[in-house]
Amino acid sequence: MTTRLADIAAQAGVSEATVSRVLNGKPGVAATTRQSVLAALDVLGYERPVRLRQRSEGLVGLITPELENPIFPALAQVIGQALTRQGYTPVLATQTPGGSTEDELTEMLVDRGVAGIIFVSGLHADTSADMQRYDQLRAQGVPFVLVDGFSPKVQAPFISPDDRAAMTLAVTHLVSLGHTRIGLALGPKRFVPVQRKIEGFVRSVQEQLGLSPDDVERELVQHSLYTLEGGQAAATALMDRDCTAVVCASDMMALGAIRAARQRGLDVPKDISVVGFDDSPLIAFTDPPLTTIRKPVPAMGQAAVRTLLEEIGGTPAPHSEFVFMPELVVRGSTASAPGDRNRP
């Protein structure tokens, strides 16, 4: 017990006596200090005494696509932690190919009496989907927030990264390195984030390289799947069109693009530069470390929770879109264009 007290005190930066007071539920400890001690317990893997466990304010559903893309678990972790800090219990419901659909998962969560639902990259991002499902959910009195994707047909708060600005960051970076044939690899066109990335990419290439929008979209934009294999296929097609740089709409696609380059005997970044999107966990440790557009996951996840809790509390945020700025993270997968090595 003494060793445990010392460990917790060191982790929380307080005295052992203070830790003892918190664990025994004694008064006279500041709320922030009490929270530090409880956090230290959690970090060190100790179980909280029963009297100190938070009472759940209720369940909140979180519906995500598959978890193979590491950006979705990262977002789920941020949202789950933020909900737990507010006393709610997150319930993660994941769509899998051939498994439960978004509608089935929504029905399951509603049947369990969730206080609200956060949808990540759901049907709200698909311009071909019927948006009445969200009207029906609202009619049932279930508050919800939608992350990654926007529809003017849905009366709800949306949380999104600025996909157009992300493409401007990527193109500007590559043009500064002397690239003039820059390709874009991304998912099916029916999704709102895809359409916005194309808009940002086409506009940036037009402004910075003088190409016509029609030529850019016809020659330099390649649709595929949001997978490693999808990135590989898209990058192969773009390399066939003499692209010396490829911007990918996800880090997984970017890893596929690197694989495609290596299969041709090309070096990344000496022969071809690759930019990802998301800045997924561990992506800084790939070979080469991936230059990518960092999605503001912590800010977006916390905003989604804050907005949902306002809806639950009866003081809803405006039913509009909250847009968060991405950030360019330059690592080792981009370099000067081939034939442009001697530029000052």
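Look a little higher up for the structure.
Predicted model only: the values in this text are computed from it and were never measured.

Draft legend 1. Region of the structure containing the packing of aromatic side chains. Summed over the entire model, instances satisfying the criterion amount to four aromatic pairs. Between F150 and F158, the aromatic rings sit 4.8 Å apart at their centres with planes inclined by 65°, giving edge-to-face as the arrangement. Aromatic rings pair up to connect F119, Y134 and F144 into one cluster. It is R4 that lies over the ring of Y46; its NZ or CZ is 5.5 Å from the centre. Sitting over the ring of F277, K197 keeps its end group 4.1 Å from the ring centre.

Draft legend 2. View of the packing of helix α5 (residues 102-111) against helix α6 (residues 132-139). Running from amino to carboxyl end, α5 crosses α6 at an angle of 5°, the nearest separation of the two axes being 12 Å. Looking at the two axes, α5 sits roughly parallel to α6. For the pair α5 and α6, contact is made by E102, D103, T106 and V110 and by R133, Y134 and L137, respectively. Tallied by class, residues from the contact of α5 with α6 come to three nonpolar, one polar and three charged.

Draft legend 3. Main features of the sheet that holds strand β12 (residues 327-329). Reading across the sheet, the six strands line up as β7-β6-β8-β9-β10-β12 and stay open at both edges, with mixed pairing between neighbours. The sheet terminates laterally at β7 (221-223) and β12, the two strands that pair on one side only. With strand direction ignored, the average angle separating the axes of adjacent strands in the sheet is 20°. Both strand β8 (residues 245-248) and strand β9 (residues 273-278) contribute to a ladder of three bridges, which runs parallel. Bridge assignment links A245 to a residue of β9, and that residue is S273. Here helix α8 (residues 192-209) sits on the sheet in contact with β6 (182-186), β7 and β9, set at roughly 175° to β6. Helix α11 (residues 251-263) contacts β6, β8, β9 and β10 (291-294) of the sheet and is inclined by roughly 160° relative to β9.

Draft legend 4. View of the packing of helix α2 (residues 16-23) against helix α3 (residues 31-44). One can describe the packing of α2 onto α3 by two numbers: an axis separation of 10 Å at closest approach and a directional angle of 90°. In terms of their interaxial angle, α2 and α3 are classed as roughly perpendicular. Of α3, the residues touching α2 (which contributes T18, V19, V22 and L23) are T33, R34, V37, L38 and L41. Taken together, the residues of the contact of α2 with α3 break down into six nonpolar, two polar and one charged.

Draft legend 5. Inspection of the environment of T84 at higher detail. As for its position among the elements, T84 is in helix α4 (residues 71-85). For T84, a relative accessible area of 37% corresponds to the partly exposed category. When the C-alpha atoms of T84 and E107 are compared, they prove to be 23 Å apart, with 23 residues separating the residues in sequence.

The rules behind these values
Residues numbered from 1 in each chain as written. Predicted model: local features only at pLDDT ≥ 70, side-chain atom pairs only at ≥ 80, totals over all residues. Heavy atoms only, no water. Phe/Tyr/Trp six-rings, centres within 6.5 Å; stacked < 30°, edge-to-face > 60°. Lys NZ or Arg CZ within 6 Å of the ring centre and 35° of its normal. Axes fitted to C-alpha atoms, helices over the stretch in contact; angles between N-to-C directions. Helix = DSSP H or I, 4+ residues; strand = E, 2+ residues; numbered from the N terminus. Parallel < 35°, antiparallel > 145°, perpendicular 65-115°, else oblique. Contact = heavy atoms within 4.5 Å. Nonpolar A, V, L, I, M, F, W, Y, C, P; charged D, E, K, R; others polar. Pairing = 2+ DSSP bridges. Buried < 20%, exposed > 50% of the residue type's maximum accessible area, 1.4 Å probe, protein only.

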